[in-house]
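An overview of the molecular structure
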Amino acid sequence: MSMKQTEIIKQGLARRYNAERRFRIYGLSAIICGVAFLVFLLGTTFVNGYTAFLQTYIALDITLADSDFDGDATAESIARADYLGIIKRSLREHFPEVTKRRDKSNLYKLVSSGAQYDLRKEVAENPELIGRTTTFWMLADDEVDVYMKGRIDPAVPEKNRRLKDRSIAWIEALKAQDRVERKFNILFFTNGDSREPEQAGILGAVMGSLFAILVTMLLAFPIGVAAAIYLQEFASRNRFTDLIEVNINNLAAVPSIIFGLLGLAIFLNFFNLPRSIPLVGGMVLALMTLPTIIISSRAALAAVPPSIREAALGVGASPVQTVLHHVLPLAMPGMLTGTIIGLAQALGESAPLLVIGMVAFIVDIPGSPLDPGTALPVQIYLWADSPERAFVERTSAAIMVLLLFLVAVNGLIVLLRKKFERRW
Amino acid sequence: MNVVMAAGLAANLTANPFESVTTVTVQIVTLLIGDQEFDSPKTLAAFALGLVLFVITLILNVIALQVVRKYKEQYE
């Protein structure tokens, strides 16, 4: 009898081992799948975007004649001079064979429309340049930049390209004279948004996101933790607290755009706060992250062993002292984890911001939470919608900046959590 | 939200997942971007869509809560 039983077990043993192995393979392949998708995503973002950190510049010999500055170089004549005309003249001198009106206007398009302001700034800083011929590195137009990065195929029929054959020939001629160079794209990190891709930068969106996330953190963390402590430690369980709990759980699952609508109705329509400001954006994102923070904070409080509370109460601490001195420090790492998740979510969110008007085209860099601005995800959304080729790489570059930003914010909170972590 | 970039705009009542459809979020965003009076029909339509989304998640949550209550095992 017992022999038979052992045999039955032995027969099934191989099958059971196989099942075990198969189960492990399923789990492993799920992880490999996930990692592969992540690598693909990061890989394409990087391959598309790393070129945005380089920008093409064209060296032009520019003669700043005295006559351009009304004979004498006063601050006023330097501010008023026709720098566009000076650049155009220099381009004509470089390509004297270009005579037709249409060709000339194409020739002028090699240089960015923002180059004249760079030149003005340069001359204002160094007035001694007037009356001399100097080589300046001029910001190239976005089409030239895209061509230099090898993303325009000259084999495509000319009428299907924005960059014509003649322009390509000019670029090649300049290149042969070592007058075309790709330099590190500082403008991308110091400029606000622009309609011209070569002048468009990410700083406006970074500052907008920074202010919004600061407001979110300052509002959502204290309110969320206070609500969690009250609900978990002090509130009695009745129908009313049940109702609140269902509502919090529901709000954590509601699509984020609902919070945008809430912000639109309350902050903009009722309180008449201005549109497009990071303060309102931060308040809306705080509403969105509150349920996440409350739920995870309550879980962290519930995970503190009851013996700690009982011991504190036993030596005569009041309930408030028990919570503040003993329970809260132990629950803090869990609360911070919830905050990380909430803030990371808020940082990547764009739908509620679109609704409260943070999608406007804003060139100025916000200097405070009350200045109009955009946020990084919204900027990515805006650039992804733009038709210019050069915005493709800038979209990917902005995604990389957003990822870095996320890593930085999360890293900060992980450090905080490490500091508070205590074992018992 | 991410669907705003991926989903289309054409309302299309179909069960085929390969046909282009629109989503409620996309409709809300397209209704609300731009300058409208707060009580314009467009804005109100967006709020109605938002309410629908909210009610759907509420119903799902209530169902989920009941499922959890039913199968939750109490050890203490």
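Please refer to the structure higher up on the page.
The paragraphs below set out a description of the structure included in this document. Treat the numbers as computed from the prediction; the structure is a model and nothing was measured. (Residues numbered from 1 in each chain as written. Chains lettered and ligands numbered in written order. Predicted model: local features only at pLDDT ≥ 70, side-chain atom pairs only at ≥ 80, totals over all residues. Heavy atoms only, no water.)

The subject of this paragraph is the overall build of chain A. Helix and strand counts for chain A stand at 17 helices and three strands. By the compact-globule yardstick of 22 Å for 424 residues, chain A is too spread out, its C-alpha radius of gyration being 31 Å. Taken over the C-alpha atoms alone, chain A extends approximately 105 × 65 × 35 Å along its principal axes. Looking at chain A as a whole, 45% of its 424 residues are labelled buried. Within chain A, residue pairs in contact and separated by at least 24 positions form 77% of the contacts whose partners lie at least 6 positions apart. Summing over all exposed atoms, chain A offers an accessible surface of approximately 22400 Å²; the carbon and sulfur share of this is 62%. Side-chain charges of chain A comprise 43 positive and 40 negative groups, with the mean position of each set lying 12 Å from the other. (Helix = DSSP H or I, 4+ residues; strand = E, 2+ residues; numbered from the N terminus. Rg over C-alpha atoms; globule rule 2.2 N^0.38 Å. Buried < 20%, exposed > 50% of the residue type's maximum accessible area, 1.4 Å probe, protein only. Contact = heavy atoms within 4.5 Å. Areas by Shrake-Rupley, 256 points an atom, 1.4 Å probe, with all protein chains shown as cover. Lys, Arg positive; Asp, Glu negative; His and termini not counted. Charge placed at Lys NZ, Arg CZ, Asp CG, Glu CD.)

This brings us to the sheet that holds strand 3 (residues 180-184) of chain A. Residues and elements named next belong to chain A. Overall, antiparallel pairing links the three strands, which are arranged 2-1-3 in an open sheet. Sheet topology places strand 2 (133-139) and strand 3 at the edges, where each strand pairs with a single neighbour. Adjacent strand axes in the sheet meet at a mean angle of 40°, parallel and antiparallel pairs treated alike. As paired elements, strand 1 (residues 54-63) and strand 3 share five bridges and run antiparallel to each other. Within strand 3, the residue paired with leucine 54 across the bridge is phenylalanine 184. Against the sheet, helix 5 (residues 115-125) makes contact with strand 1 and strand 2, and its axis sits at roughly 135° relative to strand 2, the strand it touches most. (Pairing = 2+ DSSP bridges. Axes fitted to C-alpha atoms, helices over the stretch in contact; angles between N-to-C directions.)

Of the residues lining the interface, 21 residues belong to chain B; the matching set on chain A comes to 22 residues. Buried surface at the junction of chain B and chain A, summed over both partners, amounts to about 2000 Å²; 76% is from carbon and sulfur atoms. Across the chain B-chain A interface, the total number found is zero salt bridges. Inspection of the region where chain B meets chain A yields two residue pairs in polar contact (both at pLDDT 80 or more). By residue number, the principal contributor to the side of chain B that touches chain A is helix 3 (residues 41-71) of chain B, which donates ten residues. Considered class by class, the residues forming the side of chain B that touches chain A number 14 nonpolar, six polar and one charged. (Buried area = accessible area lost by both parts, 1.4 Å probe. Salt bridge = Lys/Arg side-chain N within 4 Å of Asp/Glu carboxyl O. Polar contact = N/O pair within 3.5 Å; in protein donor to acceptor, adjacent residues only side chain to side chain. Nonpolar A, V, L, I, M, F, W, Y, C, P; charged D, E, K, R; others polar.)

This next bit is on the packing of helix 3 (residues 83-94) of chain A against helix 4 (residues 101-108) of chain A. Residue and element names in this part refer to chain A. Contact geometry for helix 3 and helix 4: axes closest at 10 Å, N-to-C directions at 115°. Considered as vectors, helix 3 and helix 4 are oriented roughly perpendicular to each other. Taken as a pair, helix 3 and helix 4 cross one another with a handedness that is right-handed. On helix 4, the residues touching Lys88, Leu91 and Arg92 of helix 3 are Lys104, Leu107 and Tyr108. Each residue belonging to the contact of helix 3 with helix 4 can be placed in one class, and the counts come to three nonpolar, no polar and three charged. (Parallel < 35°, antiparallel > 145°, perpendicular 65-115°, else oblique. Left-handed = near helix turned anticlockwise from the far one by under 90°.)

Don't take any of this as a statement about function, it's just geometry.
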